[in-house]
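Geometric and topological summary
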Amino acid sequence: MIRTVPPTGGEKEVLYVALDRHRDVLLWKLDGLDDEQLRRPMTPSGTTVLGLLKHLAAVEYGWFCQTFGRPTEAKVDALDESEATDPDADWRVEPDESTADILAFYGRARAAADLAIEETDLAATGTSWSGRTVSMRWVLVHMLEEVARHAGHLDILRELIDGATGDHPEI
């Protein structure tokens, strides 16, 4: 069941639940698709459902963990190195990466980001990949935008794959 943003919650709770509900939608959009459908390029640029999830895992680690000096994992470091010569490295699912691998990567990224959100004050600042100083509040808003935007992309990809539409599971 999709979570509801608390209409009278505190600022951090509202931002977090808004983000988390869109994360849940991402995973729901993958339900029922087989491996071929998850990996099928659906746009001229080669966007795949699974590649989009891999990208979001890397972005969760980047904004919530790297920005605030928190640990990530070797896979994130490898993607960072690859992006110097291949800016789409985090979007591409390699042949040796299984669907389960990407789902687990996203799960670990989400858990690491959740811990960072929980343990970091909204006004605390960190240094983004571009060198800008940003607050946890700004990162939460930015990631809410990023995840919602890509949830919309998944809406379109899913409809192109099998005709399924909707922004949340039927209750």
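The structure contained in this document is the topic of the report that follows. (Residues numbered from 1 in each chain as written. Predicted model: local features only at pLDDT ≥ 70, side-chain atom pairs only at ≥ 80, totals over all residues. Heavy atoms only, no water.)

1. So, helix α5 (residues 99-119)
In a regular helix each residue adds 1.5 Å, so 21 residues correspond to 30 Å; α5 covers 30 Å between its end C-alpha atoms and thus fits that length. Buried residues of α5: Thr-99, Ile-102, Phe-105, Tyr-106, Ala-109, Arg-110, Ala-112, Ala-113, Ala-116 and Ile-117, and no others. In an axial view of α5, the angular spread of the buried residues amounts to 165°, which keeps them on one side of the axis. Opposite the packed face of α5, turned more than 90 degrees from it, sit the exposed residues Ala-100, Glu-118 and Glu-119. On its buried face, α5 is in contact with α1 (11-30), α2 (35-39), α3 (49-66), α4 (74-82) and α6 (136-162). (Helix = DSSP H or I, 4+ residues; strand = E, 2+ residues; numbered from the N terminus. Expected span 1.5 Å × (residues − 1). Buried < 20%, exposed > 50% of the residue type's maximum accessible area, 1.4 Å probe, protein only. Arc of directions from axis to C-beta. Contact = heavy atoms within 4.5 Å.)

2. Some thoughts on the packing of α3 against α5
With their axes 8 Å apart at the nearest point, α3 and α5 run at an angle of 25° to one another. The angle between the axes of α3 and α5 places the two elements in the roughly parallel class. The hand of the α3/α5 crossing is left-handed. Along the contact surface, α3 presents Leu-50, Leu-53, Lys-54, Leu-56, Ala-57, Ala-58, Glu-60, Tyr-61, Phe-64 and Cys-65, while α5 presents Thr-99, Ile-102, Leu-103, Phe-105, Tyr-106, Arg-108, Ala-109, Arg-110, Ala-112, Ala-113, Ala-116 and Ile-117. Per-class residue counts for the contact of α3 with α5 are 17 nonpolar, 1 polar and 4 charged. (Axes fitted to C-alpha atoms, helices over the stretch in contact; angles between N-to-C directions. Parallel < 35°, antiparallel > 145°, perpendicular 65-115°, else oblique. Left-handed = near helix turned anticlockwise from the far one by under 90°. Nonpolar A, V, L, I, M, F, W, Y, C, P; charged D, E, K, R; others polar.)

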